Amino acid sequence: DRVTFKNNGNVGIGTTNPSANLDILNGTTGASLKLSATSTAYWQLQRDSVTGNLNISDDALGNVMSFDQLTGNVGIGTSTPKSKLQVAGGIYNN
């Protein structure tokens, strides 16, 4: 089964026993959710299979935001944040 619908309303993709409203399991490459306008224009929310980090990426820019699962650090414009919040390119203050 590729998609499972449970009586409690949970939906599983890649799992027959979803434990959340939407449970996506991909044991080899890291699970992802992709929002596409076309095959080449998209946003993606993905768990990195190597680091375990949660990344938000864009088709043209790559990773635009990363959440480090070991440290809790958040990076904007970097995949390897070195502090609780690291912003590549600076912060605009109006």
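Whatever comes next refers back to the structure up there.
Residues numbered from 1 in each chain as written. Predicted model: local features only at pLDDT ≥ 70, side-chain atom pairs only at ≥ 80, totals over all residues. Heavy atoms only, no water.

Undergrad: How should the sheet that holds strand E2 (residues 11-13) be read in this particular structure?
TA: Strands belonging to one sheet form pairs held by backbone hydrogen bonds; the direction of such a pair is parallel or antiparallel. Pairing is mixed in the open sheet, where three strands are placed in the order E1-E2-E3. With one partner strand each, in any of the chains shown, strand E1 (3-5) and strand E3 (22-24) form the two edges of the open sheet. Strand-to-strand, the axes of this sheet are offset by a mean angle of 15 degrees, without reference to chain direction. (Pairing = 2+ DSSP bridges. Helix = DSSP H or I, 4+ residues; strand = E, 2+ residues; numbered from the N terminus. Axes fitted to C-alpha atoms, helices over the stretch in contact; angles between N-to-C directions.)

Undergrad: Where do I start with the pairing of strand E7 (residues 62-67) in this structure?
TA: On any regular strand, side chains alternate: one points to one face of the sheet, the next to the other face. Judged from the five bridges that link them, strand E6 (residues 54-58) and E7 form a sheet pairing that is antiparallel. Paired with Ser57 across the two strands is Asn63, which belongs to E7. Hairpin remark: E6 followed by E7, antiparallel, with three residues in the connecting loop. Strand direction decides the pairing type here: E7 and strand E8 (residues 74-76), joined by three bridges, are antiparallel.

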